[in-house]
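# Per-entry structural report
Each chain, letter by letter, is given below.
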Amino acid sequence: KQEVTQIPAALSVPEGENLVLNCSFTDSAIYNLQWFRQDPGKGLTSLLLIQSSQREQTSGRLNASLDKSSGRSTLYIAASQPGDSATYLCAVSDLEGAQKLVFGQGTRLTINP
Amino acid sequence: KAGVTQTPRYLIKTRGQQVTLSCSPISGHRSVSWYQQTPGQGLQFLFEYFSETQRNKGNFPGRFSGRQFSNSRSEMNVSTLELGDSALYLCASSPPGRIYNEQFFGPGTRLTVL
């Protein structure tokens with residue numbers, strides 16, 4: 001059974017810092033990995049999707065990497081801003097259920113002005 | 001293009017009642033998945049529908065059911081509500097013909113069971 005873990009559970013940093021969020025998964029036979037952002041009480045916004053054959057994806061100040069063999073992904077946020085404050089979730093889908101995402105518990109990020 | 005829409009946004013029900021939630025996917029998307037989000041369990045997959053057929057199912061009791069219509073709109077139903085069913089219910093849609101199945105989520109329906 002696939003399990004996804006995100007560390008740390010919460011992170012508070014001053015504005016302008018570069019930061020890394022971590023995600024690990026127990027079964028390396030994944031189809032893809034997605035990073036999402038969730039604002040309080042709201043739905044999920046897709047940030048980046050990494051296919052199983054890829055090593056990384058970039059969008060603006062965000063960069064996500066994937067190491068399938070070690071079961072790890074990282075989300076790098078450059079030059080953080082107060083508007084980046086949210087909960088960040090990673091999710092994986094496996095070969096048996098490509099639309100069935102297994103989520104981590106998330107990292108609650110606070111950027112202090 | 002309009003995003004995924006969910007109605008209603010908020011619901012209050014009492015134990016024992018039943019509830020139906022609705023999800024309209026992004027135009028052209030044929031796959032709709034449902035998730036339950038609670039503070040204790042996080043986000044958990046309920047089921048996925050594609051072309052009016054349930055294609056995948058999570059580990060939830062039979063009180064949770066769903067269906068999809070020919071226009072890809074989907075509904076989920078929860079019967080005999082329990083206090084523990086209080087949650088944010090999210091649906092997501094995916095475009096056809098893409099190998100890598102990126103999912104796009106709606107704003108959710110907040111269900112409170114009293």
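Structure: see above.
Summary of the structure given here. What you are looking at is a predicted structure, and each value in this text was computed from that prediction instead of being measured.

A:Pro8 follows A:Ile7 through a cis peptide bond whose omega is 0 degrees. Structurally, A:Pro8 can be placed in the loop between strand S1 (4–7) and strand S2 (10–14). The omega torsion across B:Thr7 and B:Pro8 is -10 degrees, close enough to zero to call that bond cis. The phi dihedral of A:Ala79 is positive, around 45 degrees, even though this residue is not glycine. Within the secondary structure, A:Ala79 sits in the loop between strand S8 (72–77) and strand S9 (86–94). Residues other than glycine seldom take positive phi values, yet B:Thr80 does so here, at roughly 45 degrees. Topologically, B:Thr80 is positioned in the loop between strand S8 (74–78) and strand S9 (87–94).

Now for the packing of aromatic side chains. The relative placement of two aromatic rings is captured by the distance of their centres and the angle of their planes. For the coordinates displayed, the defined rule picks out eight aromatic pairs over all chains. Taking 5.7 Å as the distance between ring centres and 40 degrees as the angle between the ring planes, the aromatic pair formed by A:Phe36 and A:Phe103 counts as tilted. With A:Phe36 in strand S4 (residues 30–38) and A:Phe103 in strand S10 (residues 97–103), the pair connects residues that are 67 residues apart, well separated along the chain. Just as A:Phe36 is buried, A:Phe103 falls in that class too. Arranged with centres 5.6 Å apart and planes meeting at 70 degrees, the rings of B:Tyr35 and B:Phe45 form a pair that is edge-to-face. Linking B:Tyr35 in strand S4 (residues 31–38) with B:Phe45 in strand S5 (residues 42–50), this pair joins segments that are 10 residues apart in sequence. Side by side, B:Tyr35 and B:Phe45 carry an identical accessibility label, which is buried. Three or more aromatic residues link up through ring pairs in this structure, and these residues are A:Phe36, A:Phe103, B:Tyr35, B:Phe45 and B:Phe105. A cation over a ring is seen here: B:Arg55 above B:Phe50, with NZ or CZ 4.3 Å from the ring centre.

In this complex, chain A contributes 21 residues to the contact, which on the side of chain B involves 24 residues. With both chains or domains summed, chain A and chain B bury close to 1,800 Å², and 49% of this area falls on carbon and sulfur atoms. Put simply, chain A and chain B have four residue pairs in polar contact (both at pLDDT 80 or more) between them. Among the elements of the structure, S4, strand S5 (44–51) and S10 of chain A are those that each provide at least two residues to the side of chain A that touches chain B. Of the residues forming the side of chain A that touches chain B, the biggest block, six residues, is contributed by S10(A). Here the residues of the side of chain A that touches chain B are counted per class, giving eight nonpolar, 10 polar and three charged.

Definitions and limits used
- Residues numbered from 1 in each chain as written.
- Chains lettered and ligands numbered in written order.
- Predicted model: local features only at pLDDT ≥ 70, side-chain atom pairs only at ≥ 80, totals over all residues.
- Heavy atoms only, no water.
- Helix = DSSP H or I, 4+ residues; strand = E, 2+ residues; numbered from the N terminus.
- Phe/Tyr/Trp six-rings, centres within 6.5 Å; stacked < 30°, edge-to-face > 60°.
- Buried < 20%, exposed > 50% of the residue type's maximum accessible area, 1.4 Å probe, protein only.
- Lys NZ or Arg CZ within 6 Å of the ring centre and 35° of its normal.
- Contact = heavy atoms within 4.5 Å.
- Buried area = accessible area lost by both parts, 1.4 Å probe.
- Polar contact = N/O pair within 3.5 Å; in protein donor to acceptor, adjacent residues only side chain to side chain.
- Nonpolar A, V, L, I, M, F, W, Y, C, P; charged D, E, K, R; others polar.

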